[in-house]
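A look at the structure
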Amino acid sequence: MDPWDRGGAMEGVELQVRPGHGAFNPGTSRYPLSLDQRAAQAMNLTQAKTQLEAKLKSINGFYASPHSEGHTEPPHCKRCNGKKLRIAEAYYDFYVSYAPWNSNRLDLKDELEKKFNDPQGPQLERMHEIFQIVLREHVKNDLCTPQKTDDDNTYNYKQRAADMFDRGVSSNDILEFYVDAQFQTSDQNTADFITAMQEAVTPEQRAQAYTNYYCKPLPDDPPQVRNFKSKYARMFEQLIPHDEVVDAMRKEAEETQHSKVSALRDNLGALQMGHSAHLKAKARKAEKDQRMHDRDSSPRYVSCSLEKCPLEIDITRDETVECLVCDWLENKGGRRGRFYYCSIEDAQADFDEHERHEHQCSMGDRCIYYPEVGPAGESRHDGTELCGICYDCEDNDLTSYFCSDECYKHNLELHQEEVHYGRDIPNTATHLDPFEPAKDLEIM
């Protein structure tokens, strides 16, 4: 076939498309390429190839129309020579811009330019040959460059593939061997990932393949691992680049492991024996009972919680005014203390300020009612609002106060990531442990 009549067929370019390579920058890329680099190259190449084919189709269409010059005797036919030059220019621009030029073989780029500017006219066949040489070397370097993390099987099939490139085996045969070797040496999860990546066309499809490979939940995953996978699955779904997500996953895993090792070293004696949930519950109950006993049997005077009030209160008398929510939180294991007032009027005068400082939702400015401290309504003045604390945190000696069940449910995943994750707190609760005033206290 006359190379000048190929039009947009681009024979021999299949090798570029199949392994997923495209535009290549030798100044910033190192072999082997990352998945993000391969995806970007594939996208760039697809766009460039479409533009080239459209340009070739336009050239052939023009010279097939009555608008072009008529034929004259070769080799001086302006029509034929003009068509050849424009086709060569289209290929030359494509090869210079999108061929994966290796900085170690710039002689090939110089030769491409010489063949394009040949005094006898562009040597298109040789230009195609140079492009295929450059492409073949690029694919060899990407597929066959060993890494420190390669196991023996991977290292061996990379070496065999490199030898096949050196012996001139066809590119299609090498790629077929390479993919088969990957399947034969991979577990089922990795084999499924390879298949999914070969079939993926859109960023969303690639993101789903990444999620299935890195973040697929397993029945025996502990809560910390489930939270870890869920967090990074959402990042893949947001189409954050693969390399960025995997680097973050690796960094967090290493930091978590280091933190665990340090904790084990510092607390080895206590951790060797441990405490069952039953024993911890008994200890919390004993502590609560002791606090209640201290409250009932320890006569003491405290200052009125209204800052500008100078009076002291004998809290052992029958009638005292105190904040029900703070009393409840103290009984639940909170450490902020109780707040007493010398009169109902002082309690009402201090209500807004006290709410803002002592009843702040755990979510801070991410509370759904922020900048308010909780849902509006007069019920907040009698202490009957539906506030509460996280059951899961409570079971692990932690007090996480929420202004309402609605805010808790809205921010549940965020709360689990920020508080549960890293403390090995299981994610089991779906609603709050609701506020309930002590039975010996009367709501005024």
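The structure we're discussing is the one just above.
Quantities reported herein were computed from a predicted structural model and do not represent experimental measurements.

The rules we used
- Residues numbered from 1 in each chain as written.
- Predicted model: local features only at pLDDT ≥ 70, side-chain atom pairs only at ≥ 80, totals over all residues.
- Heavy atoms only, no water.
- Helix = DSSP H or I, 4+ residues; strand = E, 2+ residues; numbered from the N terminus.
- Buried < 20%, exposed > 50% of the residue type's maximum accessible area, 1.4 Å probe, protein only.
- Pairing = 2+ DSSP bridges.
- Contact = heavy atoms within 4.5 Å.
- Axes fitted to C-alpha atoms, helices over the stretch in contact; angles between N-to-C directions.
- Salt bridge = Lys/Arg side-chain N within 4 Å of Asp/Glu carboxyl O.

Brief notes about the environment of Asn 156
Structurally, Asn 156 is set in helix α6 (residues 152–166). In this structure Asn 156 comes out as partly exposed when scored by relative accessible area, which is 45%. The spacing of Asn 156 and Cys 144 is 12 residues in sequence and 9.7 Å in space, taken between C-alpha atoms.

A look at the sheet that holds strand β5 (residues 388–390)
Read from one edge of the open sheet, 3 strands run β6-β5-β7, paired in antiparallel fashion. Each edge of the open sheet is held by one strand with a lone partner, namely β6 (401–402) and β7 (432–434). Two strands pair when backbone bridges link them, and β5 and β6 are joined in this way by 2 bridges, in the antiparallel orientation. Bridging from a neighbouring strand, Gly 388 pairs with Phe 402 of β6. Helix-sheet contacts for helix α14 (residues 324–331) involve β5, β6 and β7, and the interaxial angle to β5 is about 30°.

Considering the pattern of salt bridges
All chains considered together, the criterion is met by 17 salt bridges. In this structure, Arg 126 and Glu 129 form a salt bridge, with 3.1 Å as the shortest nitrogen-oxygen distance. Taken together, the residues span about one helical turn, with Arg 126 and Glu 129 both in helix α5 (residues 124–144) at a distance of 3 residues. Relative accessible area serves as the criterion here: at 25%, Arg 126 is assigned to the partly exposed category. Exposure remark for Glu 129: the relative accessible area of 40% places this residue in the partly exposed category. A salt bridge links Glu 252 to Lys 231; the shortest N-O distance between them is 3.1 Å. Of the two residues, Glu 252 sits in helix α11 (residues 242–266) while Lys 231 sits in helix α10 (residues 223–237), which places them 21 residues apart along the sequence. Among the residues examined, Glu 252 registers a relative accessible area of 11% and is labelled buried.

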